[in-house]
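Single-letter residue listing:
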Amino acid sequence: MAVETKGHSAISAVMRVKPPRRMHGLIVGVSFAVGLTFGATAGFAQIASDSAPATDETVEATTAEPAVTGSDGAETPEVLTTEATAQDAAQSDASQNADQEMVTPSGDATSAVVFMYHRFGEGEYPSTNITMEQFDQHVKELTSGPYTVMGVPQIVSALADGKGVPDRTIGITVDDAYRSVYEKAWPVFREHNLPFTVFVSTEQLDSGYANYMTWDMVRELSKAGVTIGGHSQNHAHLPDFDIDRVKAELANSAARFEEELGYVPEIFAYPYGEANGEVIAAVKEAGYRAAFGQQSGAMHTESDFMYLPRYALNEHYGAMDRFNLAANSLPLVVSDVTPADYTLTRNPPAFGFTLAEPAPSMNCYPSEGEPTMSRLGEERVEIRLDGPVSSGRWRINCTAMGPDSRWRWFGMLYTVP
């Protein structure tokens with residue numbers, strides 16, 4: 001599956017950094033406060049839930065991740081105006097791209113980590129915001145550590161085609177096109193030549209809200225090489241809609257992109273990370289080549305490319321220990337996942353999967369419910385809960401230690417009616 005690259009003339013699609021270095025040491029998990037419960041096996045932590053309400057302002061950054069410890073010994077929580085103008089910009093981008101060949105680095109790795117941001121330096125929204133101090137630390141790590149930061153379309157193309165990427169490849173995404181992305185984050189990304197993707201819900205720009213970017217700003221980013229992605233028209237809970245309304249959301253959004261930018265994006269992010277089989281089929285039918293959710297884990301060559309994982313970053317889950325662990329993570333490769341649909345029809349869910357290779361020390365942690373895990377041989381894992389889970393979003397994350405003290409992750413997010 002090839003993903004065409006648009007508008008990458010000014011910001012390189014890849015940034016190479018220093019050779020790999022040794023990761024932070026493994027820290028043993030212990031009990032933590034509200035919302036953070038560690039499993040019985042040393043080194044595994046459950047982040048139970050994000051207590052913030054499920055609104056447009058909320059990132060659910062829940063993950064089940066290894067416990068990490070700060071320098072003081074205390075546990076640290078994890079966790080983009082006229083049609084003619086748009087056409088001129090698109091033609092300009094196309095002309096520049098024709099003169100500059102996109103080079104995607106190759107390597108032996110078959111996975112990559114993608115991060116998700118929302119707001120920058122907007123402290124009144126901690127569940128969707130990253131502080132500028134945290135952001136500066138992330139950028140410093142990415143530009144001085146053992147990483148290769150690539151444009152998300154290039155990562156998707158390489159892995160979907162079964163090609164290798166450099167070890168510790170990183171992709172950067174930002175949801176919702178808040179103005180702080182343009183005013184605060186973009187100057188930093190641009191200074192360090194870090195490619196990134198902004199997922200845009202078109203109605204939020206059309207409504208002219210002061211805290212969102214304008215179409216002029218989005219055009220400027222696109223012309224400078226920032227990848228623009230689709231995020232629906234109204235940032236809606238798509239699984240709640242009938243399929244005709246979902247298709248209308250996607251068609252209306254595509255029409256606005258064509259009018260304002262002169263093209264329709266080719267990658268998508270589900271609002272709130274929510275999807276089901278019909279929604280995914282509609283997104284694919286609309287022409288998107290890949291789509292991202294909000295479940296934790298590293299994407300890889302065997303991933304569902306219409307429901308790819310990302311690690312959410314915000315004030316609560318933006319500490320450097322957690323960032324480093326996620327950036328260095330590897331996929332826990334599984335198949336035959338049940339439930340197969342990302343919206344539950346049975347509650348409590350009967351969750352299970354088959355491991356691609358043995359992981360004897362693996363543990364799984366749900367965001368709600370007391371789990372009982374059964375192992376059928378070395379490959380099959382079944383999880384049962386002690387009762388129904390609340391409506392909204394239910395997460396489960398499984399982790400196991402991999403090579404070189406790097407954690408393997410597999411996360412799922414299910415919409416609960």
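Once a new chain begins, its residue numbering starts again from 1 and follows that chain's sequence as written. Note on the predicted model: pLDDT of at least 70 is required for a residue's local features to be given, and 80 or more for side-chain atom pairs to be given and counted; whole-chain, interface and lining totals, by contrast, use all residues. Excluding hydrogens and water, the side-chain values take into account all heavy atoms of the structure.

## Considerations on the packing of helix α4 (residues 179–191) against helix α6 (residues 215–224)
Argument step 1. Orientation of α4 relative to α6, taken along the N-to-C sense of each, is 45°, at an axis distance of 10 Å. As the angle between them shows, α4 and α6 are arranged oblique. The element α4 and its partner α6 pack so that their crossing is left-handed. Here R179, Y182 and W186 of α4 lie close against α6, whose contacting residues are M217, E220, L221 and A224.
Argument step 2. Counted by class, the contact of α4 with α6 contains five nonpolar, no polar and two charged residues. Simply put, an axis is a line fit to the C-alpha atoms, just over the touching stretch for a helix, and the angle between two N-to-C directions goes from 0 to 180 degrees. Helix and strand labels come from DSSP, where a helix needs a run of H or I of at least four residues and a strand needs a run of E of at least two; each type is numbered from the N terminus. Put simply, angles under 35 degrees are roughly parallel, angles over 145 are roughly antiparallel, angles from 65 to 115 are roughly perpendicular, and the rest are oblique. Take the far helix as the reference: if the near one is turned anticlockwise from it by less than a right angle, the crossing is left-handed, and if turned clockwise, right-handed. For this analysis, residues touch if any pair of their heavy atoms sits within 4.5 Å. The nonpolar class holds Ala, Val, Leu, Ile, Met, Phe, Trp, Tyr, Cys and Pro. Asp, Glu, Lys and Arg form the charged class, and all remaining residues, Gly among them, are polar.

## A short note on the nonpolar core
Argument step 1. Residues F115, Y117, F135, F196, V198 and M213 are the most contacted members of the largest nonpolar core, which totals 47 residues.
Argument step 2. Of the residues forming this core, the biggest block, six residues, is contributed by α4.
Argument step 3. The next biggest cluster of nonpolar side chains, apart from the first, holds 39 residues, and it includes M306, V381, W394 and A400. In these notes, a set of buried Ala, Val, Leu, Ile, Met, Phe, Trp, Tyr and Cys residues joined through side-chain atoms within 4.5 Å is what counts as a nonpolar core. When a residue's accessible area, from a 1.4 Å probe over protein chains only, is under 20% of the maximum for its type it is buried; when over 50% it is exposed; and in between it is partly exposed.

## Structural notes on the sheet that holds strand β24 (residues 407–416)
Argument step 1. Across the sheet, four strands lie side by side as β17-β24-β23-β20; this open sheet has mixed pairing. Edge positions in the sheet fall to β17 (330–331) and β20 (363–366), since each of these pairs with one other strand and no more.
Argument step 2. A pair of strands is labelled paired if DSSP reports no fewer than 2 bridges between them. Summarising the sheet, β20 and strand β23 (residues 392–401) pair through four bridges and their orientation is antiparallel. In the sheet register, C364 faces β23, and the bridge partner there is C398.

## Remarks on the side chain of Q134
Argument step 1. Here Q134 shows up in helix α2 (residues 132–144).
Argument step 2. Judged by its relative accessible area of 13%, Q134 is buried.
Argument step 3. Side-chain polar atoms of Q134 contact the backbone oxygen of E315, separated by 3.0 Å.
Argument step 4. Contact partners of Q134, with chain neighbours within four places excluded, come to N314, E315, G318 and A319. Any pair of N or O atoms that falls within 3.5 Å is considered a polar contact. Within protein, one atom must be able to donate a hydrogen and the other to accept it, and sequence-neighbouring residues count only if both atoms are side-chain atoms.

## Looking at the sheet that holds strand β22 (residues 380–385)
Argument step 1. Strand order in the open sheet made by the four strands is β18-β19-β22-β21, with antiparallel pairing throughout. Pairing within the sheet leaves two strands with one partner each, and these edge strands are β18 (334–338) and β21 (371–376). Adjacent strand axes in the sheet meet at a mean angle of 15°, parallel and antiparallel pairs treated alike.
Argument step 2. Summarising the sheet, β18 and strand β19 (residues 351–355) pair through three bridges and their orientation is antiparallel. Note that in β19 the partner of T338 across the bridge is G352.

## Side note on the confidence of the model for the protein chain
Any segment with low pLDDT has predicted coordinates that should not be analysed in fine detail.
Argument step 1. Confidence scores labelled pLDDT are given residue by residue by the predictor and lie between 0 and 100. When pLDDT is averaged across the protein chain, the result is 82; 75% of the residues are at 70 or more.
Argument step 2. Contacts of residues 1–12 to residues separated by more than four positions or lying in other chains number 54 contacts, the stretch itself having pLDDT below 50.
Argument step 3. Scored below 50 in pLDDT, residues 16–101 makes 224 contacts in the model with residues more than four places away or belonging to other chains.

## Focus on the environment of E370
Argument step 1. Positionally, E370 belongs in the loop between β20 and β21.
Argument step 2. Separated by 15 residues in sequence, E370 and L385 have C-alpha atoms that sit 5.4 Å apart.
Argument step 3. Once residues within four sequence positions are removed from consideration, E370 is found in contact with R384, L385 and D386.

## A word on the state of the cysteines
Argument step 1. To count as a disulfide, a pair of cysteine sulfur atoms needs to be within 2.5 Å. This model, assessed by the stated rule, comprises one disulfide.
Argument step 2. Across the disulfide from C364 sits C398; the S-S distance is 2.0 Å. One disulfide, between C364 and C398, carries an S-S torsion of 110° and so falls in the right-handed class. Of this pair, C364 sits in strand β20 while C398 sits in strand β23, and the two are 34 residues apart along the sequence. As far as burial versus exposure is concerned, C364 and C398 are alike and both buried.

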